[in-house]
Amino acid sequence: MAYGLRNTASVNPTRATELRNYGVCEQTNKSRSNSFGFGYQIAIVVQPLDLTQNIPTSLSSLARIYRAQGKLAEAEPLFKRALEIYEKKLGAEHPSVAATIGELAVLAFDREQFVEAEILKRRGLAIEEKKYGSENATVAYSQRWLARILLAHRLSIAPAFQIGRASCRERV
């Protein structure tokens, strides 16, 4: 099992003792005085880390770095693995799932795969709207991204329509 250390200044040594008795922490008390003569207690708390949260978060962080460097092919499997872990551990309707789906949508946008980006962004947006409601800042951010994806998609296919219209005029 992995552990994380956290130092806390504690004016209540009883609370640290309660935590130790429950097996949540180990306590090291040292009385110290500063120049004004006030003493304080230092408790070192040892807590188990939730690896199901840390691993997908780390995967997503690394994938964002790869995406920023233009290494889109390396970023995608990391986002997908993070999504898989989040869905398995937290459920398909969790905000972390929606955020990771949104990251995959942005990655698809960067690759100019606008149809896939739209599908992913709509899926993430549905989860966010269900969780937060339609008047939330997170939802508004995702809506702006969806609008950006839709606009880019329309602009990418507009030249094809123009070419199609020109060829139709030539035939007439």
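Quick note: structure is the one above.
Reference entry: report on the structure contained in this document. Quantities reported herein were computed from a predicted structural model and do not represent experimental measurements.

Of the regular secondary structure elements, the protein holds six helices and three strands. Helices and strands appear in the protein in the N-to-C order β-α-β-β-α-α-α-α-α. For the protein, contacts bridging at least 24 residues in sequence account for 53% of all contacts bridging at least 6. Only carbon and sulfur atoms are counted for the fraction: they give 55% of the accessible area of the protein, which is about 11,400 Å².

Between two packed helices, both the angle of their axes relative to each other and the distance between the axes serve to describe the pair. One can describe the packing of helix 3 (residues 72–90) onto helix 4 (residues 95–110) by two numbers: an axis separation of 9 Å at closest approach and a directional angle of 160 degrees. Relative to helix 4, the element helix 3 is oriented roughly antiparallel. Helix-helix and strand crossings are classified by hand; for helix 3 and helix 4 the assignment is left-handed. On helix 4, the residues touching Leu-72, Ala-75, Glu-76, Phe-79, Lys-80, Ala-82, Leu-83, Tyr-86, Glu-87 and Leu-90 of helix 3 are Ser-96, Val-97, Thr-100, Ile-101, Glu-103, Leu-104, Leu-107 and Asp-110. Split into classes, the residues belonging to the contact of helix 3 with helix 4 amount to eleven nonpolar, two polar and five charged.

Here we take up the environment of Phe-109. With respect to the helices, strands and loops of the structure, Phe-109 is situated in helix 4. Once the C-alpha coordinates of Phe-109 and Ile-149 are considered, the two residues, 40 residues apart in sequence, prove to be 6.7 Å apart. Other than its neighbours up to four places away in sequence, Phe-109 contacts Phe-114, Ala-117, Trp-145, Arg-148, Ile-149 and Ala-152.

The full count for this structure, using the stated rule, is two aromatic pairs. Between Phe-109 and Phe-114 the ring centres are 5.7 Å apart and the planes differ by 65 degrees, which places this aromatic pair in the edge-to-face class. Taking the relative accessible area as the measure of exposure, Phe-109 reaches 13% and is therefore buried. Taking relative accessible area as the criterion, Phe-114 reaches 10% and is therefore assigned buried.

Here is what the cut-offs are and how they apply
Residues numbered from 1 in each chain as written. Predicted model: local features only at pLDDT ≥ 70, side-chain atom pairs only at ≥ 80, totals over all residues. Heavy atoms only, no water. Helix = DSSP H or I, 4+ residues; strand = E, 2+ residues; numbered from the N terminus. Contact = heavy atoms within 4.5 Å. Areas by Shrake-Rupley, 256 points an atom, 1.4 Å probe, with all protein chains shown as cover. Axes fitted to C-alpha atoms, helices over the stretch in contact; angles between N-to-C directions. Parallel < 35°, antiparallel > 145°, perpendicular 65-115°, else oblique. Left-handed = near helix turned anticlockwise from the far one by under 90°. Nonpolar A, V, L, I, M, F, W, Y, C, P; charged D, E, K, R; others polar. Phe/Tyr/Trp six-rings, centres within 6.5 Å; stacked < 30°, edge-to-face > 60°. Buried < 20%, exposed > 50% of the residue type's maximum accessible area, 1.4 Å probe, protein only.

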